[in-house]
Amino acid sequence: MTAPTSRPVLGIALEPFGWHPAAFAEVGADPLEATSAEHWVGLARSAEAAAADFVSFEDSFSLTARDRLSGRFDATLLAARVGPAVGRIGLVPTVTATHTEPFHASKAIATLDYVSGGRAGVLPSTTGAPADAPLFGRKAPQDEASRAAEAREYIEVLRDLWDSWEDEAVIKDVSTGRYIDRDRLHYIDFQGENFSVKGPSITPRPPQGRPPVIVRVGDGASETVAADADVALVPAASDEQLADTARRLRAAGTPLLLVDVTVHLADSERTALRRIDKLDRREPAADDTVVFAGTGESLAATVERWRSLGFDGARLRPGVNAIDLPRLRAAFAPLLPGAPRSGTLREILGLAPAVNRFVTVKGA
């Protein structure tokens, strides 16, 4: 394998015991372990040791095959617990944009950014599940186009609320008894099809200004949402399909593109495939990407091939945490060029500093 000249961007997607629904059984784990914060701190530390730039936390209104035995924490609260326990990687919780209010999400992610010292991100998702709508009673299930339009508004409101406080809004002037400079707080006055938000936020502007927004692409509708995002996750597919998707997203202006892939690592591809077959016999996995099975060296070569197709790296979804996270650390991470990046998540991802739109308008 020819040594790459620059380091790929890498995320690791954390699930209770792995991305395969039978992962807990492969290692004889007690599903109740996943109800311990220490369990998740350990996973995040393992991902950090495996040279990840960020970890993501899944969330949904209904339990999935991967968490139906263990339950699931709220992803943003979980990330806030994990944040102080890891010193380098970014923390990206999933926030379901459908049925929820962006005002509440904006302050939760801003708080996570403070707790983590500027390493927060957010992954807005949507749901059209018929069982989810009655949980809120606000509206009927929506089609893909409607959910995508709502998600675009959601992202716009998140960013506007983060901008509604200028960086110097908190002045703490003891002599005058003023805590806030009111002239540096702004109403966002957002009027959309799905939301009407006046603002300002009740949380000061996050350390990053605007925490990175990551969107998973699964269809044409979600591609329109990714055009407004900082990072797009594209399910692993054939090289031709990936190259076509990369061209469209680059043309739409998405800054960073990552391939989203479930990985099963072993000493050989044959051994990895046998493990997948064993897991599938216990409970078949309905995976939404092409699944990688092989060695750490072949995974490094595959990620580099994806970069040649127009991607910046990958988000890796360990099939079985207890097996694949150690192998990512020992057999994959040492093959990457350079050292893991540090700083804020925007700096880690190579994104430009976030400009407050209200400051721009005021200074125009």
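Along each chain, the written sequence defines residue order, and numbers are assigned to residues from 1. Under the rules for a predicted model, residues below a pLDDT of 70 receive no local features and side-chain atom pairs below 80 are neither given nor counted, while totals for whole chains, interfaces and linings still include all residues. Values shown for side chains rest on all heavy atoms present in the structure; no hydrogens or waters enter the calculation.

UniProt positions are given in the numbering used here, feature names are shortened, and annotations may be inferred rather than shown by experiment. Here the protein chain is described in UniProt, under the heading Sequence similarities (unreviewed entry), as follows: "Belongs to the NtaA/SnaA/DszA monooxygenase family."

Undergrad: I keep staring at the UniProt feature "binding site: FMN" (unreviewed entry) in the protein chain and nothing clicks. Help me out?
TA: In the numbering used here, UniProt assigns the feature "binding site: FMN" (unreviewed entry) to Asp-59 and Thr-94. What stands out for the annotated residues spanning 36 residues is how close their C-alpha atoms remain, the widest pair being 5.5 Å apart. Throughout, a residue-residue contact means that at least one pair of heavy atoms, one from each residue, lies within 4.5 Å. For Asp-59, the residues in contact, after removing those within four places along its chain, are Arg-72, Phe-73, Asp-74, Ala-75, Thr-94 and Thr-96. At 2.9 Å, the side chain of Asp-59 and the backbone nitrogen of Ala-75 are in polar contact. Helical segments are the DSSP runs of H or I of at least four residues, strand segments are the runs of E of at least two, and each set is numbered from the N terminus. Within the element layout of this structure, Thr-94 appears in strand β3 (residues 90-96). For every residue, the accessible area (1.4 Å probe, protein chains only) is compared with the maximum for its type, and the residue is labelled buried under 20%, exposed over 50%, or partly exposed between those bounds. A relative accessible area of 4% places Thr-94 in the buried class. Setting aside its immediate chain neighbours within four residues, Thr-94 contacts Phe-57, Glu-58, Asp-59, Ala-75, Leu-123 and Ser-125. Within the structure, Thr-94 has its side chain in polar contact with the backbone oxygen of Phe-57 (distance 2.9 Å). Whenever two N or O atoms come within 3.5 Å, that pair is a polar contact, provided that in protein one can donate a hydrogen and the other can accept it, and provided that, for residues adjacent in sequence, both atoms are side-chain atoms.

Undergrad: Help me out: how do you make sense of helix α4 (residues 102-115) in this one?
TA: Note on helix geometry: an α-helix contains 3.6 residues per turn, so any two residues three or four positions apart are oriented the same way. The end-to-end C-alpha distance of α4 is 20 Å, a good match for the 20 Å that 14 residues give at a rise of 1.5 Å each. All buried positions along α4 are accounted for by Pro-102, Ala-105, Ser-106, Ile-109, Ala-110, Leu-112 and Asp-113. End-on, the buried residues of α4 take up no more than an arc of 155 degrees, which puts them together on one face. Buried residues in α4 make contact with α3 (75-82), β3 and α5 (144-163). Trailing α4 by a residue or two, Gly-117 shows a phi angle of about 70 degrees, which is positive. Take the number of residues in a helix, subtract one, and multiply by 1.5 Å to get its expected span. Note: the arc covers the axis-to-C-beta directions of the helix.

Undergrad: Whenever I open this one, the environment of Val-41 confuses me. Can you help?
TA: Positionally, Val-41 belongs in helix α2 (residues 37-49). Residues Val-41 and Arg-81 lie 40 residues apart in sequence; the distance between their C-alpha atoms is 8.1 Å. Among residues more than four places away in sequence, those in contact with Val-41 are Arg-81, Val-82 and Ala-85.

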